[in-house]
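If you want the building blocks of each chain, they are given just below.
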Amino acid sequence: MQAGEDAAIAPGAPDRRVAATDPRLIVDTAAMSRFQWGIVATMVGLNALDGFDVLSISFASPGIAAALGVDRAALGIVLSMELIGMAIGSLVLGGVADRIGRRATILGCLMVMATGMLGASTAQGVTGLSLWRVLTGLGIGGMLAATNAAVAEAANARRRALCVVLMASGYPVGSVIGGSISAVLLARYDWQAVFLFGGVATLCFIPLVLRFAPESIAFLMHRRPPDALARINRSLERMGHPTIDVLPAPEPRPVKVPLVELFSPVFAHVTGLLTLAYLMHIMTFYFIVKWIPKIVVDMGFAAPLAAGVLVWASVGGATGALLLGLLTARVRLLGLTIAAMLLSTVLVIVFGQERTDLAALSAIAALAGFATNAAVVGLYALIAQSFPTAMRATATGFVIGIGRGGSALAPALAGLLFAAGYGLSSVAMLMAGGSAIAAAALFALGRRTTAA
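Below: a short report on this structure. (Residues numbered from 1 in each chain as written. Predicted model: local features only at pLDDT ≥ 70, side-chain atom pairs only at ≥ 80, totals over all residues. Heavy atoms only, no water.)

1. A look at the packing of aromatic side chains
(1) Moving on: Evaluation of the coordinates by the stated rule reveals seven aromatic pairs.
(2) Moving on: Centre to centre, the rings of Tyr-278 and Tyr-380 are 5.9 Å apart; their planes meet at 35 degrees, and the pair counts as tilted. Linking Tyr-278 in helix α12 (residues 268-298) with Tyr-380 in helix α15 (residues 358-386), this pair joins segments that are 102 residues apart in sequence. Across this residue pair, the class does not change: Tyr-278 and Tyr-380 are buried.
(3) Moving on: Note on Phe-285 and Tyr-286: the rings are 5.1 Å apart at their centroids and 75 degrees apart in plane angle, and the pair reads as edge-to-face. When sorted by exposure, Phe-285 lands in the same class as Tyr-286, which is buried. (Phe/Tyr/Trp six-rings, centres within 6.5 Å; stacked < 30°, edge-to-face > 60°. Helix = DSSP H or I, 4+ residues; strand = E, 2+ residues; numbered from the N terminus. Buried < 20%, exposed > 50% of the residue type's maximum accessible area, 1.4 Å probe, protein only.)

2. Description of the nonpolar core
(1) Moving on: In this structure, Phe-287 and Leu-442 are the most contacted members of the largest nonpolar core, which totals 138 residues.
(2) Moving on: Top element by residues in this core is α12. It accounts for 18 residues.
(3) Moving on: Other than its neighbours up to four places away in sequence, Phe-287 contacts Val-348, Ala-414, Phe-418, Leu-424, Val-427, Ala-428 and Met-431. (Core = buried A, V, L, I, M, F, W, Y, C linked by side-chain atoms within 4.5 Å. Contact = heavy atoms within 4.5 Å.)

3. Structural notes on the state of the cysteines
Note: disulfide means a covalent bond formed between the sulfur atoms of two cysteine side chains.
(1) Moving on: On inspection of all chains with the given rule, the structure shows zero disulfides.
(2) Moving on: Its sulfur unpaired, Cys-204 is 18 Å from the next cysteine sulfur, which belongs to Cys-109.
(3) Moving on: Taking the relative accessible area as the measure of exposure, Cys-204 reaches 47% and is therefore partly exposed. (Disulfide = S-S within 2.5 Å.)

4. Quick notes on helix α14 (residues 333-351)
(1) Moving on: Given a rise of 1.5 Å per residue, 19 residues ought to cover 27 Å, and the 26 Å separating the end C-alpha atoms of α14 matches this to within 8%.
(2) Moving on: Of the residues making up α14, those classed as buried are Leu-333, Leu-334, Leu-336, Thr-337, Ile-338, Ala-340, Met-341, Ser-344, Thr-345, Leu-347, Val-348 and Phe-351. (Expected span 1.5 Å × (residues − 1).)

5. A look at helix α17 (residues 409-419)
(1) Moving on: Where α17 is concerned, the buried positions are Ala-410, Pro-411, Ala-412, Ala-414, Gly-415, Leu-417 and Phe-418.
(2) Moving on: The first or second residue beyond α17 is Gly-421, which carries a positive phi of 105 degrees.

6. Let's talk about the side chain of Asp-50
(1) Moving on: Within the fold, Asp-50 resides in helix α3 (residues 34-68).
(2) Moving on: When near neighbours in sequence (up to four residues on either side) are disregarded, Asp-50 contacts Met-113, Ile-140, Met-143, Leu-144 and Tyr-171.

7. Quick word on the pattern of salt bridges
Proximity of charged atoms lets side chains of opposite charge pair with each other.
(1) Moving on: As enumerated under the stated definition, the model contains five salt bridges in all.
(2) Moving on: A salt bridge links Arg-133 to Glu-82, with the nearest nitrogen and oxygen atoms 3.7 Å apart. Of this pair, Arg-133 sits in helix α6 (residues 126-154) while Glu-82 sits in helix α4 (residues 72-100); the two residues are 51 residues apart in sequence, bridging distant segments of the chain. Of the two residues examined, Arg-133 and Glu-82, each falls in the buried class.
(3) Moving on: Here Arg-102 ties to Glu-153 by a salt bridge, and the two come within 2.6 Å at their closest N and O atoms. Here the residue Arg-102 occupies a position in helix α5 (residues 102-120), and Glu-153 occupies one in helix α6, the gap between them amounting to 51 residues. (Salt bridge = Lys/Arg side-chain N within 4 Å of Asp/Glu carboxyl O.)

8. A word on the packing of α3 against α12
(1) Moving on: Between α3 and α12, whose axes approach to 9 Å, the crossing angle comes to 25 degrees. Relative to α12, α3 is oriented roughly parallel. Considering only the axes of α3 and α12, their crossing is right-handed. Across from Val-54, Leu-55, Ile-57, Ser-58, Phe-59, Ser-61, Pro-62 and Ala-65 in α3, the residues of α12 making contact are Tyr-286, Val-289, Lys-290, Pro-293, Lys-294 and Val-297.
(2) Moving on: Looking at side-chain class alone, the contact of α3 with α12 contains 10 nonpolar, two polar and two charged residues. (Axes fitted to C-alpha atoms, helices over the stretch in contact; angles between N-to-C directions. Parallel < 35°, antiparallel > 145°, perpendicular 65-115°, else oblique. Left-handed = near helix turned anticlockwise from the far one by under 90°. Nonpolar A, V, L, I, M, F, W, Y, C, P; charged D, E, K, R; others polar.)

9. Examining empty space enclosed by the protein
(1) Moving on: This model, assessed by the stated rule, comprises four cavities of 30 Å³ or more.
(2) Moving on: Looking at the largest cavity, it is lined by 15 residues, and the ones nearest its centre are Ile-39, Ala-150, Pro-214, Glu-215 and Ser-216.
(3) Moving on: When contributions to the lining of the largest cavity are tallied by element, the ones reaching two or more residues are α3, α5, α6 and α10 (228-239).
(4) Moving on: In terms of residue class, the lining of the largest cavity is made up of nine nonpolar, two polar and four charged.
(5) Moving on: Of the pockets and cavities examined, the second largest cavity occupies roughly 70 Å³.
(6) Moving on: For the second largest cavity, the full set of lining residues is Leu-55, Tyr-171, Pro-172, Ser-175, Phe-285, Val-289, Ala-313, Ser-314, Gly-317, Gly-369, Thr-372 and Asn-373.
(7) Moving on: Those elements that place two or more of their residues in the lining of the second largest cavity are α7 (160-188), α12, α13 (303-327) and α15.
(8) Moving on: When its residues are assigned to classes, the lining of the second largest cavity shows six nonpolar, six polar and no charged. (1 Å grid on protein atoms, 1.4 Å probe; cavity = no way out; pocket = protein on both sides within 12 Å on 5 of 7 lines; lining within 4 Å. Points joined across faces, edges and corners; volume = space filled by probe spheres on them.)

10. Digging into a nonpolar patch on the surface
(1) Moving on: There is a patch of nonpolar side chains on the surface, built from Ile-84, Ile-88, Leu-91, Val-92 and Ile-402 and spanning about 380 Å² of accessible area.
(2) Moving on: Looking at which element gives the most residues to the nonpolar patch, the answer is α4, with four residues.
(3) Moving on: Mapped onto the secondary structure, Ile-402 falls in helix α16 (residues 389-407).
(4) Moving on: The class of Ile-402 is partly exposed, set by a relative accessible area of 33%. (Patch = residues over 30% accessible without salt bridge, like charges linked within 9 Å, V, L, I, M, F, W, Y side chains within 5 Å. Areas by Shrake-Rupley, 256 points an atom, 1.4 Å probe, with all protein chains shown as cover.)

11. Quick look at the packing of α12 against α13
(1) Moving on: One can describe the packing of α12 onto α13 by two numbers: an axis separation of 8 Å at closest approach and a directional angle of 145 degrees. Regarding α12 and α13, the two cross each other, and that crossing is right-handed. Of the residues in α13, those touching α12 at Val-289, Ile-292, Pro-293, Val-296 and Val-297 are Ala-303, Ala-306, Val-309, Leu-310 and Ala-313.
(2) Moving on: By residue class, the composition of the contact of α12 with α13 is 10 nonpolar, no polar and no charged.

Here's what the structure looks like:
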């Protein structure tokens with residue numbers, strides 16, 4: 001294969017090979033090529049798919065409650081099921097992505113997600129639906145850990161934070177597109193159509209990943225499979241960058257496994273504070289995105305209109321993510337994320353003041369989505385830049401896994417509070433506290449980093 005690549009250089013053409021050059025340095029210092037932006041776009045699309053797959057249960061929840069005869073407390077538990085799967089997937093498959101590769105993990109997760117979505121469309125009861133949602137969440141959790149690492153490693157140093165934020169902004173974009181399609185489907189079909197559409201859309205991404213997302217150069221440099229040089233050079237050529245003659249000397253292998261290394265003296269405080277921040281803020285985030293449709297239906301609006309309010313929350317989320325991405329070039333990422341969390345606290349409390357005007361409700365939902373999602377994507381970028389290649393996917397998987405595992409309590413807790421007779425304003429105030437605690441954790445991280 002190497003000989004074939006050498007033969008492909010035309011006679012008299014300049015040999016673009018650069019001896020003894022680290023390909024990671026080439027990627028870091030060269031301008032972003034169209035192919036690299038294509039990798040980023042593919043990961044944005046995958047995260048958009050995650051956004052729809054996660055929120056599909058929210059779009060379908062009014063129909064599920066009516067068809068299966070479940071109350072708010074039981075519905076809250078169903079809404080939490082894929083978050084449990086996501087926690088397991090992030091914890092387990094994040095480490096897998098650091099062992100077998102980002103690309104292979106993504107492809108496997110797509111198959112798991114498609115199976116779970118299509119299975120949910122056939123569910124006849126709460127137990128079956130819950131099990132299919134756990135399976136879907138398993139794939140989503142592993143996907144996010146792998147795509148976060150893949151984007152960070154496809155981008156150059158200058159655009160890395162921006163690319164991770166753009167990837168994370170795919171989540172609300174997927175919610176907007178998926179919510180708009182769901183509103184149309186729910187106007188004509190039963191709730192099962194939402195999951196059927198999601199399963200088919202998930203399968204369609206497999207050929208896109210095979211075509212546009214090669215294995216990360218940083219991962220190949222770290223793991224060094226037998227064909228690492230040839231695969232790295234193919235990727236460098238597709239990126240329009242110089243190729244290399246030989247691989248640089250390997251870095252010393254860490255004595256500890258990456259999961260243990262997360263709690264070494266170097267990384268323990270970063271791991272702990274980022275995990276706490278993600279856990280607390282994501283509880284606030286999932287209260288909003290999981291309960292909006294049911295809350296709006298209980299106010300007397302039709303299910304398609306309720307899906308529309310969640311779409312507006314997702315539009316706000318996409319706007320917040322993109323604005324945060326643009327501001328990262330001028331403002332410190334940590335400060336931006338803290339500000340977004342504080343704004344999230346205020347707006348979720350405001351959302352809890354019940355309204356009978358659908359337009360006003362949609363506007364508040366959009367603003368709350370703006371702040372909550374901007375903080376989420378800021379956290380993803382902070383995680384990506386806080387850990388080295390060898391442990392990036394593992395760290396992402398751990399932080400997100402613990403966070404998502406804890407956040408599974410959010411929809412269920414809100415459901416229990418509603419069932420116990422607490423009003424929307426009281427529940428919203430309690431759930432908004434997660435963002436405030438997260439902001440405090442990041443403030444502590446900033447002080448600790450500055451002091452170091």
